[in-house]
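Listed below are the residues making up each chain.
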Amino acid sequence: MATSVVMPQMGYDMQEGTLVRWLKQEGEAIARGEAIAEIETDKAVIEMEAYASGVVLKTVVDEGSTVPVGDTIAFIGTPGEPVPEVTPSAAAPAEAAPEPEQAAEPAAPAAATAPAGAVRASPVARRLAQEKGIDLAQVTGTGPNGRITKEDVEAHESAAAAAPTPAAEAPSAVEPAARRQQGELVPLTRMRQAIARRTAQSKREVPHFYVSAGVDMTAAMALRSQINEALAGEARVSVNDLIVKACALTLAKYPAFNASFEGNNLRMNPAINVSIAVAVEYGLLVVSLGDCRGRSLVDISKAARGAVERAQSGVLREDDYTGGTFSISNMGMFDVDSFSAIIYPPQSAVIAVGTVRQQPVVRDGEITIAQMMQATLSTDHRVADGAQAAEFLVEVKRVLENPVTLLV
């Protein structure tokens, strides 16, 4: 019997996804775990993996179509195997919603444009064009086989901005002064809309509380230097990698912080998948590093570097975007001392860390210099209380201040 491929839920609040591009065509062989399509969510383009091996018997929806989560988009099976008839519930190419001013007036006749899926363009170029309201059919591609790149979209936007435009009419003398003084309305990007929706939901529904502590990173920084010197450029362990490993070890001792609140129960996650926040051009992505407890610092470093590069390039793997059980938000590279982060649902906690800075500290009655870092743990009060959160944060502090633990 043919296996149906459905639109996956790649995110806690994902309701639908846009099929950007088929990576396998009808008749092509595919193995379980191999990428079959690129799916666009509100935040990113993600490579969707096949959950069965065989041949792509039929693709149900076209490129550029927006499909509800759970709807069938393709079938995989053996050659010649019968395929059920499926009518997609939403197979029209995705289009940007019209501006309110346009919706109130009859649309002027316009030349037909090609659907998004008919134009050869990179995922980053597609997203950039959508955010800026640019019709890809009007952009000249300079990539392989005429594929449109990010630079092509930016060049098209610059050329359009440089073109002469009719002079704007002066405001009417009878227009209310209050209206003239109002600022311009700037539409939010899809990513910023998703961030606004998710963070508002978290702060509204999750009872946050916060505990903070200063962490002496002197020994950890020395260990990091020794590790990187020994690696001789083959890999490079960052401060964040040390924090990821320390949190993973601590989560093994305090599993409630690796759980999710569900009704009157806790969903205890069997794996410790630490998510890290990544700043990208149009907002923020949270990418997941799987099984951090069982990974070495070098493994964590390589996994984090790969996930960050994929996030910044605009194409993530499915496991990058799903399965996170605890988050780390690090703003140390921005010279920030401390801050409090918002919990990323359905997780129950997130730790926010600032820059590692040399500061005077008192030890044994004497003033000395140490490399200090401020850490703040945000916790869902339905999952843990203040004393438990304090114990968790102190354990993270203990591990980082005795970093040989990270190597055991």
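Just so you know, these numbers come straight off a predicted model, no measurement behind them.

Quick notes on the rules
Residues numbered from 1 in each chain as written. Predicted model: local features only at pLDDT ≥ 70, side-chain atom pairs only at ≥ 80, totals over all residues. Heavy atoms only, no water. Axes fitted to C-alpha atoms, helices over the stretch in contact; angles between N-to-C directions. Helix = DSSP H or I, 4+ residues; strand = E, 2+ residues; numbered from the N terminus. Left-handed = near helix turned anticlockwise from the far one by under 90°. Contact = heavy atoms within 4.5 Å. Nonpolar A, V, L, I, M, F, W, Y, C, P; charged D, E, K, R; others polar. Phe/Tyr/Trp six-rings, centres within 6.5 Å; stacked < 30°, edge-to-face > 60°. Buried < 20%, exposed > 50% of the residue type's maximum accessible area, 1.4 Å probe, protein only. Lys NZ or Arg CZ within 6 Å of the ring centre and 35° of its normal. Pairing = 2+ DSSP bridges.

1. Observations concerning the packing of helix H7 (residues 239–253) against helix H8 (residues 297–313)
One can describe the packing of H7 onto H8 by two numbers: an axis separation of 9 Å at closest approach and a directional angle of 115°. The element H7 and its partner H8 pack so that their crossing is right-handed. Every residue of H8 that contacts H7 at Asp241, Leu242, Val244 and Lys245 is listed here: Leu297, Ile300, Ser301 and Ala304. Split by residue class, the contact of H7 with H8 holds five nonpolar, one polar and two charged.

2. Looking at the packing of aromatic side chains
The description of an aromatic ring pair rests on the distance of the ring centres and on the angle between the ring planes. Scanning the model with the defined rule gives three aromatic pairs in all. Residues tyrosine 254 and phenylalanine 392 carry aromatic rings whose centres are separated by 6.2 Å and whose planes lie at 75° to one another, so their mutual orientation is edge-to-face. Linking tyrosine 254 in the loop between H7 and strand S10 (259–262) with phenylalanine 392 in helix H10 (residues 386–401), this pair joins segments that are 138 residues apart in sequence. For tyrosine 254, a relative accessible area of 22% gives the class partly exposed. Through successive ring pairs, a cluster of aromatic residues spans Tyr254, Phe257, Phe326 and Phe392. Just above the ring of tyrosine 344 sits the side chain of arginine 198; from NZ or CZ to the centre is 4.7 Å.

3. Regarding unusual backbone geometry
The linkage connecting proline 345 with the following residue, proline 346, adopts the cis geometry, with an omega of 5°. Along the polypeptide, proline 346 turns up in the loop between strand S15 (326–330) and strand S16 (349–353). Notably, alanine 232 is not glycine yet its phi reads approximately 55°, a positive angle. Relative to the elements of secondary structure, alanine 232 occurs in the loop between helix H6 (218–231) and H7.

4. Digging into the sheet that holds strand S1 (residues 3–6)
Taken in spatial order, the four strands line up as S1-S8-S6-S3 in an open sheet, and their pairing is antiparallel. Two strands bound the open sheet, and with one partner strand each, they are S1 and strand S3 (29–30). Bridging between strand S6 (residues 54–59) and strand S8 (residues 72–77) involves four bridges; their strand directions are antiparallel. Among the inter-strand pairings, valine 56 is bridged to a residue of S8, identified as isoleucine 76.

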